[in-house]
Amino acid sequence: MLQIHPKVSVIIPVYNHAHRVRSAIDSVLLQTYKNYEIIVVDDGSTDNLKDSLSDFNNIRLVHHKKNRGRAAARNSGFLASRGKYIAFLDADDEWKQSKLEKQVQYLEKNKDISICITGYELLMPNGDRQRMPSPRVQQWEKYLLKYIGLSDGTVPMIDRACFQKIGLQDTAFPWQENWEWLLRASHLCGIGYVDEVLSVKRKGTKQPPASLRELGVLRFLRKHGSLFDEYGLYGRSAIGLKWFNLSVAFFYERNWRKGSIYLYKALGTWPFQRPGLYFRLMDALFGTNIEALLQKISGFFRRIKSAHKRLLGN
């Protein structure tokens, strides 16, 4: 049954994910918190999405005649929403049962906070699961200038008032649109976190084209160039990281010319990146899998540390 006056608007943008969206919706229906509405935004899908949604009578459907991109889909969902709080959910992700309840409680208790994030679980294509805890950040603007690391399309719950201050997502961004909106929001909206893993993000086997990432990065740097300058050497290191990640993306696609251009820019801007990035570069260049091996080793030690903490707690 649709809520007449929902406290939370759950917005699920979908583009050709009919095979996944049912599990996303089911994870909402299983929430312990029930005062919500579900808005599915069909962003011009060409698969059998309508059939996948036919069994649900408790969703509102917003339809784009043609694909307009993720930012436009989220914006349409927000404009159709009625809730005080907005929670986006990517169509291939899921929520733990208490996510909405705990985020609503946090926002109701902390009136100076407009955006609540949580930790999440990263589901790898091979079935492995990696826990990604909430980043404990003091200066969100500085952090978001360089990093994201919070599954930004599925984790945050946002007070409607924040959108009224900041505006909608920038539809000129084909990539990093959530990241860019959060950076803008960090100026005027308090950001806090519930220190629990409350979402599951599915990592796909196919990565977005490097050319799409390139467009997003270039627009990000043009739009916020003065902010990068304001942060001095840190801003320079953030730009270097963006160039470095672009070079790796192009090298994975065997675009040696573009990869070399951005690697040269990265090294010229800020060569002092963390060692793991250079292992990623080696994997991209030589077809190795060092990064995955290091992640397994790191995961092994995290599990040992977690088990040790549980033993101490008992």
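For clarity, every value in this text was computed on a predicted model and none was experimentally measured.

A. Spatial organisation of the environment of Asp159. If you trace the backbone, Asp159 turns up in strand S8 (residues 157–159). Here the alpha-carbon distance between Asp159 and Arg202, two residues 43 residues apart in the chain, equals 25 Å. Ignoring sequence-local partners within four residues, the contact set of Asp159 consists of Lys84, Tyr85 and Ser114. Here Ala161 takes part through its backbone nitrogen, which lies 2.9 Å from a polar atom of the side chain of Asp159.

B. Region of the structure containing the packing of aromatic side chains. All chains considered together, the criterion is met by 14 aromatic pairs. Look at Phe250 and Tyr262: their rings are 5.9 Å apart centre to centre, the planes differ by 10°, and that puts the pair in the stacked class. Of the two residues, Phe250 sits in helix H10 (residues 232–252) while Tyr262 sits in helix H11 (residues 256–269), which places them 12 residues apart along the sequence. Across the pair, exposure class does not vary: Phe250 and Tyr262 are buried alike. Here the aromatic cluster, defined as three or more aromatic residues joined through ring pairs, consists of Phe78, Phe88, Phe163 and Trp181. Above the face of the Trp243 ring, Lys265 is positioned so that its terminal group lies 4.5 Å from the ring centre.

C. A look at the state of the cysteines. For the structure on display, the rule yields one disulfide. A disulfide bridge connects Cys162 with Cys189, and the sulfur atoms are separated by 2.2 Å. Taking the sign of the S-S torsion, about 110° here, the bridge from Cys162 to Cys189 comes out right-handed. One end of the pair, Cys162, is in helix H6 (residues 160–166); the other, Cys189, is in the loop between helix H7 (177–188) and strand S9 (191–202), with 27 residues separating them in the sequence. Given the relative accessible area of 0%, Cys162 is considered buried. On the basis of relative accessibility, which here comes to 4%, the residue Cys189 falls in the buried class. Between Cys116, a free cysteine, and Cys162, which holds the nearest cysteine sulfur, the sulfur-to-sulfur gap is 13 Å.

D. Structural detail: the side chain of Ser114. Tracing the backbone through its elements, the reader meets Ser114 in the loop between helix H4 (99–109) and strand S6 (115–123). With a relative accessible area of 12%, Ser114 lands in the buried category.

E. Here's a closer look at the nonpolar core. Formed by 55 residues in total, the largest nonpolar core has its most connected members in Ile115, Trp140, Leu144, Cys162, Trp181 and Trp243. With 10 residues, H10 is the single largest residue contributor to this core. Core analysis: the next-biggest nonpolar cluster, separate from the first, contains 30 residues, Val8, Val10, Tyr36 and Trp95 among them.

F. Looking closely at the pairing of S9. With two bridges joining them, strand S5 (residues 94–95) and S9 adopt antiparallel strand pairing. Bridging across to S9, Glu94 finds its partner in Val200.

G. Region of interest: the environment of Thr205. Structurally, Thr205 can be placed in the loop between S9 and helix H8 (210–223). Given the relative accessible area of 69%, Thr205 is considered exposed.

H. Expanded view of the pattern of salt bridges. In the structure shown here, the tally under the stated rule is 20 salt bridges. In this structure, Arg22 engages Asp55 in a salt bridge whose closest nitrogen and oxygen atoms are separated by 3.4 Å. With Arg22 in helix H1 (residues 18–29) and Asp55 in the loop between helix H2 (49–53) and strand S3 (60–64), this pair connects stretches of sequence that are 33 residues apart. In this structure Arg22 comes out as partly exposed when scored by relative accessible area, which is 30%. The class of Asp55 is exposed, set by a relative accessible area of 58%. Here Arg74 makes a salt bridge to Asp90, at a shortest N to O gap of 3.3 Å. Taken together, the positions of Arg74 in helix H3 (residues 70–80) and Asp90 in the loop between strand S4 (85–88) and S5 put the pair 16 residues apart, joining distant regions of the chain.

Calculation notes
Residues numbered from 1 in each chain as written. Predicted model: local features only at pLDDT ≥ 70, side-chain atom pairs only at ≥ 80, totals over all residues. Heavy atoms only, no water. Helix = DSSP H or I, 4+ residues; strand = E, 2+ residues; numbered from the N terminus. Contact = heavy atoms within 4.5 Å. Polar contact = N/O pair within 3.5 Å; in protein donor to acceptor, adjacent residues only side chain to side chain. Phe/Tyr/Trp six-rings, centres within 6.5 Å; stacked < 30°, edge-to-face > 60°. Buried < 20%, exposed > 50% of the residue type's maximum accessible area, 1.4 Å probe, protein only. Lys NZ or Arg CZ within 6 Å of the ring centre and 35° of its normal. Disulfide = S-S within 2.5 Å. Core = buried A, V, L, I, M, F, W, Y, C linked by side-chain atoms within 4.5 Å. Pairing = 2+ DSSP bridges. Salt bridge = Lys/Arg side-chain N within 4 Å of Asp/Glu carboxyl O.

Purely spatial values, then, with no claim about function.
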